[in-house]
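# What the coordinates show
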Amino acid sequence: AQKVTQAQTEISVVEKEDVTLDCVYETRDTTYYLFWYKQPPSGELVFLIRRNSFDEQNEISGRYSWNFQKSTSSFNFTITASQVVDSAVYFCALSVQGAQKLVFGQGTRLTINP
Amino acid sequence: DTGVSQDPRHKITKRGQNVTFRCDPISEHNRLYWYRQTLGQGPEFLTYFQNEAQLEKSRLLSDRFSAERPKGSFSTLEIQRTEQGDSAMYLCASSPKRRYNNEQFFGPGTRLTVL
């Protein structure tokens, strides 16, 4: 069985601070895929990134960066110079080869205060 | 390029009534998924279609729940004899069949309240 744990239920920071959202996953499969989604107050889940288990390169996209470490089964997400518009619930998710479903963590509610 | 659409956006019903939700995926996507999200939780997988074939169902999908995708385009999710525990956001997602385990694109959801 697969499991995703986001231990941080809520995080609140002041605008322009950097913030890291933690994600730890569990799977016995050797081929798997990791995702991050953003759910703003409007409610619609927005895809941010997909990463497969064979690609441990960190990725940067503007103010967003992701740190994938198989040794610790973690796929953490950092927002640099946070902005109020980053306020949302962020979900980490996992799927394994041969199964299309996404297994989501419980989410981290991020609040960026002006 | 229009996204995934869901109808209705909100549904209030009385316990014991039947409800049906509709999902229209992104037009070129052949995979379609249903998830359920309760307050403060992440989405939980319910079922998945590839074209018109229902390939996977979660244990969460009791016999009161049925999903169809008759022509491989839109899908419906029906809940019979609704219970208060069915109150949740029902999310639909779609993805293309270009590769395995694609990112899934989600619709706005249908919020169900069972009184």
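So, how was this worked out
Residues numbered from 1 in each chain as written. Chains lettered and ligands numbered in written order. Predicted model: local features only at pLDDT ≥ 70, side-chain atom pairs only at ≥ 80, totals over all residues. Heavy atoms only, no water. Buried < 20%, exposed > 50% of the residue type's maximum accessible area, 1.4 Å probe, protein only. Helix = DSSP H or I, 4+ residues; strand = E, 2+ residues; numbered from the N terminus. Pairing = 2+ DSSP bridges. Contact = heavy atoms within 4.5 Å. Buried area = accessible area lost by both parts, 1.4 Å probe. Salt bridge = Lys/Arg side-chain N within 4 Å of Asp/Glu carboxyl O. Polar contact = N/O pair within 3.5 Å; in protein donor to acceptor, adjacent residues only side chain to side chain. Nonpolar A, V, L, I, M, F, W, Y, C, P; charged D, E, K, R; others polar. Phe/Tyr/Trp six-rings, centres within 6.5 Å; stacked < 30°, edge-to-face > 60°. Lys NZ or Arg CZ within 6 Å of the ring centre and 35° of its normal.

## Quick word on the pairing of strand β4 (residues 31–37) of chain B
All names here are of chain B. For β4, the tally of buried residues reaches seven of seven residues, placing the bulk of the element in the interior. A two-sided burial pattern is seen for β4, the buried positions comprising Arg31, Tyr33, Tyr35 and Gln37 on one face and Leu32, Trp34 and Arg36 on the other. Two elements, β4 and strand β5 (residues 44–50), share six bridges in a ladder whose sense is antiparallel. Directly across from Leu32, in β5, lies its bridge partner Phe49.

## Comments concerning the interface of chain B and chain A
Facing the 21 residues of chain B at the interface are 20 residues of chain A. With both chains or domains summed, chain B and chain A bury close to 1800 Å², and 49% of this area falls on carbon and sulfur atoms. For the interface between chain B and chain A, the tally reads zero salt bridges. Our count for the contact surface shared by chain B and chain A stands at six residue pairs in polar contact (both at pLDDT 80 or more). Of all the secondary structure elements, the ones that give two or more residues to the side of chain B that touches chain A are β4 and β5 of chain B. At four residues, β4 of chain B tops the list of elements feeding residues into the side of chain B that touches chain A. Residue composition of the side of chain B that touches chain A, grouped by class: nine nonpolar, eight polar and four charged.

## Examining the packing of aromatic side chains
A full pass over the atoms with the stated rule returns 21 aromatic pairs over all chains. Ring centres of Phe104 of chain A and Phe106 of chain B lie 6.2 Å apart, and the angle between their planes is 75°; this geometry places the pair in the edge-to-face category. Of this pair, Phe104 of chain A sits in strand β11 (residues 103–104) while Phe106 of chain B sits in strand β10 (residues 105–106), on two different chains. Here Phe106 of chain B falls in the buried class, since its relative accessible area comes to 4%. Taken together, the ring pairs connect Phe35, Tyr37, Phe47, Phe91 and Phe104 of chain A together with Tyr33, Tyr35, Phe45, Tyr48, Phe105 and Phe106 of chain B into an aromatic cluster. A cation over a ring is seen here: Arg22 of chain B above Phe74 of chain B, with NZ or CZ 3.9 Å from the ring centre.

## Examining the pattern of salt bridges
Any two side chains of opposite charge can pair, so long as their charged atoms come close to each other. Applying the stated criterion to the full structure yields six salt bridges over all chains. For the salt bridge of Glu59 of chain A with Arg51 of chain A, the shortest nitrogen-to-oxygen distance reads 2.3 Å. With its nearest N and O atoms 2.7 Å apart, the salt bridge here joins Asp24 of chain B to Arg22 of chain B. On the accessibility criterion, Arg22 of chain B (33% relative accessible area) is partly exposed. Among the charged side chains, a network of salt bridges with common partners joins Arg51, Asp55 and Glu59 of chain A.

## Things to note about the side chain of Thr110 of chain B
Residue and element names in this part refer to chain B. Structurally, Thr110 is set in strand β11 (residues 110–114). Owing to a relative accessible area of 0%, Thr110 belongs among the buried residues under this scheme. Reaching out from Thr110, the side chain makes a polar contact with the backbone oxygen of Pro8 at a distance of 2.5 Å. When sequence neighbours within four positions are dropped, the list of residues in contact with Thr110 reads Gln6, Asp7, Pro8, Arg9, Phe21, Ala88, Met89 and Tyr90.

Worth remembering: the numbers are spatial, not functional.
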